[in-house]
Amino acid sequence: EPEVTQTPSHQVTQMGQEVILRCVPISNHLYFYWYRQILGQKVEFLVSFYNNEISEKSEIFDDQFSVERPDGSNFTLKIRSTKLEDSAMYFCASSAQGDQPQHFGDGTRLSIL
Amino acid sequence: AQRVTQPEKLLSVFKGAPVELKCNYSYSGSPELFWYVQYSRQRLQLLLRHISRESIKGFTADLNKGETSFHLKKPFAQEEDSAMYYCPGGGNNRKLIWGLGTSLAVNP
């Protein structure tokens, strides 16, 4: 069964540094999402992406965040200048259509020191 | 504001006992509700969606619009059902709103 893959599984970065989290959505999917989960808290929506542009973003997704689909397979989340409070599990998801269920990757654990 | 509430952080039952994981929602319009499960060291996996009205691994969930609930039920719990369960809701904008999740422990 096709899966969403995320790399790396764990990323440790110094505060203030840039970080890029990578995702390869399922190949025939058209809608892509990023969520995050701070330890002990709810999963929170960050951004959705369709047709090479952001469909919706949350208040969390400020100017420090950006997403990109640089080629036909990767979907990346960049945090320009990381803060301690960015430490969380980041999940990528994709769906075939907007009304279809979202399929999740294993997540990337981001630790900011 | 759109909100999903899972009131139980932890639910512990014995093998063979019935289990009900509670989920309440607050949504404007017609939400679409799901149950996702996360087994230990595995990814979030779709278990059910309310429009499908199907039974997966013996689990069922019925949308009760009057009570704004979408509780997950199974008549006889198995040890392999031990996992974290989430019931996110989605609207027309497709983003999923999540509750805190319920950790189900099925004891032998």
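For the structure, check the block above.
Bear in mind the structure is a predicted one, so any value in this text is a computation, not a measurement.

Visitor: Account for the overall build of chain A, naming residues and giving values.
Guide: The helix and strand tally for chain A stands at zero helices and 11 strands. Along its sequence from the N terminus, chain A presents helices and strands in the succession β-β-β-β-β-β-β-β-β-β-β. Computed over C-alpha atoms, the radius of gyration of chain A comes to 13 Å, within 12% of the 13 Å expected from 2.2 N^0.38 for 113 residues, which places it in the range of a compact globule. The principal-axis extent of the C-alpha atoms belonging to chain A is close to 35 × 30 × 25 Å. Burial statistics for chain A: of 113 residues in total, 44% are counted as buried. A sequence separation of at least 24 residues applies to 54% of the contacts in chain A between residues at least 6 apart. Split by element, the accessible area of chain A, about 5,700 Å² in all, is 45% carbon and sulfur.

Visitor: Lay out the pairing of strand β5 (residues 32–38) of chain B in plain terms, naming residues and giving numbers.
Guide: All names here are of chain B. With seven of its seven residues buried, β5 lies for the most part within the structure. Going residue by residue along β5, you find Glu32, Phe34, Tyr36 and Gln38 tucked away on one face and Leu33, Trp35 and Val37 tucked away on the opposite face as well. Of the pairings in the sheet, the one linking β5 to strand β10 (residues 89–90) comprises two bridges and is antiparallel in character. Looking at β10, one finds that Glu32 is bridged to Gly90. Counted along the chain from β5 to the antiparallel partner strand β6 (residues 45–49), the turn is six residues long, and its residue Arg41 has a positive phi close to 65°. The pairing of β5 with strand β9 (residues 83–86) spans three bridges and is antiparallel. Within β9, the residue paired with Val37 across the bridge is Tyr85.

Visitor: For the nonpolar core, give the residues involved together with the corresponding values.
Guide: Residues and elements named next belong to chain B. By size, the foremost hydrophobic cluster in this structure holds 25 residues, and its most contacted members are Trp35, Leu47, Leu72, Tyr85 and Leu104. Elements with a minimum of two residues in this core: β2 (10–14), β3 (19–21), β5, β6, β9 and β12 (102–107). Considering each element in turn, this core owes the most residues, three residues, to β5. Discounting chain neighbours no more than four positions away, the residues touching Tyr85 are Gln6, Leu21, Trp35, Tyr36, Val37, Leu47, Phe59, Leu72, Gly101, Thr102 and Leu104.

Visitor: Lay out the sheet that holds strand β7 (residues 65–68) of chain A with the relevant residues and their values.
Guide: Residue and element names in this part refer to chain A. Strands sit in the order β1-β3-β8-β7 across an open sheet of four strands; the sheet is antiparallel. For this open sheet the edge positions go to β1 (5–7) and β7, each flanked by a neighbour on one side alone. Sheet twist, expressed as the mean angle between neighbouring strand axes with direction ignored, is 20°. Relative to strand β3 (residues 19–24), β1 is paired through three bridges, and the arrangement is antiparallel. Paired with Thr7 across the two strands is Arg22, which belongs to β3.

Visitor: Quick one: what's the story with the sheet that holds strand β7 (residues 60–61) of chain B, residue by residue and with numbers?
Guide: Residue and element names in this part refer to chain B. A sheet is described by the order of its strands in space; here three strands give the open sequence β3-β8-β7, paired in antiparallel fashion. Each edge of the sheet is formed by a strand with only one pairing partner; in this case those strands are β3 and β7. Looking at chain direction, β7 and strand β8 (residues 72–74) are connected through two bridges and run antiparallel. Residue pairing in the sheet places Thr60 in a bridge with Lys73 of β8.

Visitor: So, the interface of chain A and chain B: which residues are in play, and what are the values?
Guide: Counting residues at the interface gives 21 residues for chain A and 18 residues for chain B. Interface area, chain A with chain B, both sides summed: about 1,800 Å², of which 51% is carbon and sulfur. For the interface between chain A and chain B, the tally reads three salt bridges. As a salt-bridge pair, Glu3(A) and Arg43(B) come within 3.4 Å of each other at their nearest N and O atoms.

Visitor: Could you give an account of the state of the cysteines, with specific residues and numbers?
Guide: Residues and elements named next belong to chain A. The tally for this structure, following the rule as stated, stands at two disulfides over all chains. A disulfide bridge connects Cys23 with Cys92, and the sulfur atoms are separated by 1.9 Å. Judged by the torsion about the S-S bond (-65°), the Cys23/Cys92 disulfide is left-handed. Within this pair, whereas Cys23 is found in strand β3, its partner Cys92 is found in strand β9 (residues 88–95), the two being separated by 69 residues in sequence. Assessed through its relative accessible area of 0%, Cys92 is described here as buried.

Scoring rules and cut-offs
- Residues numbered from 1 in each chain as written.
- Chains lettered and ligands numbered in written order.
- Predicted model: local features only at pLDDT ≥ 70, side-chain atom pairs only at ≥ 80, totals over all residues.
- Heavy atoms only, no water.
- Helix = DSSP H or I, 4+ residues; strand = E, 2+ residues; numbered from the N terminus.
- Rg over C-alpha atoms; globule rule 2.2 N^0.38 Å.
- Buried < 20%, exposed > 50% of the residue type's maximum accessible area, 1.4 Å probe, protein only.
- Contact = heavy atoms within 4.5 Å.
- Areas by Shrake-Rupley, 256 points an atom, 1.4 Å probe, with all protein chains shown as cover.
- Pairing = 2+ DSSP bridges.
- Core = buried A, V, L, I, M, F, W, Y, C linked by side-chain atoms within 4.5 Å.
- Axes fitted to C-alpha atoms, helices over the stretch in contact; angles between N-to-C directions.
- Buried area = accessible area lost by both parts, 1.4 Å probe.
- Salt bridge = Lys/Arg side-chain N within 4 Å of Asp/Glu carboxyl O.
- Disulfide = S-S within 2.5 Å.

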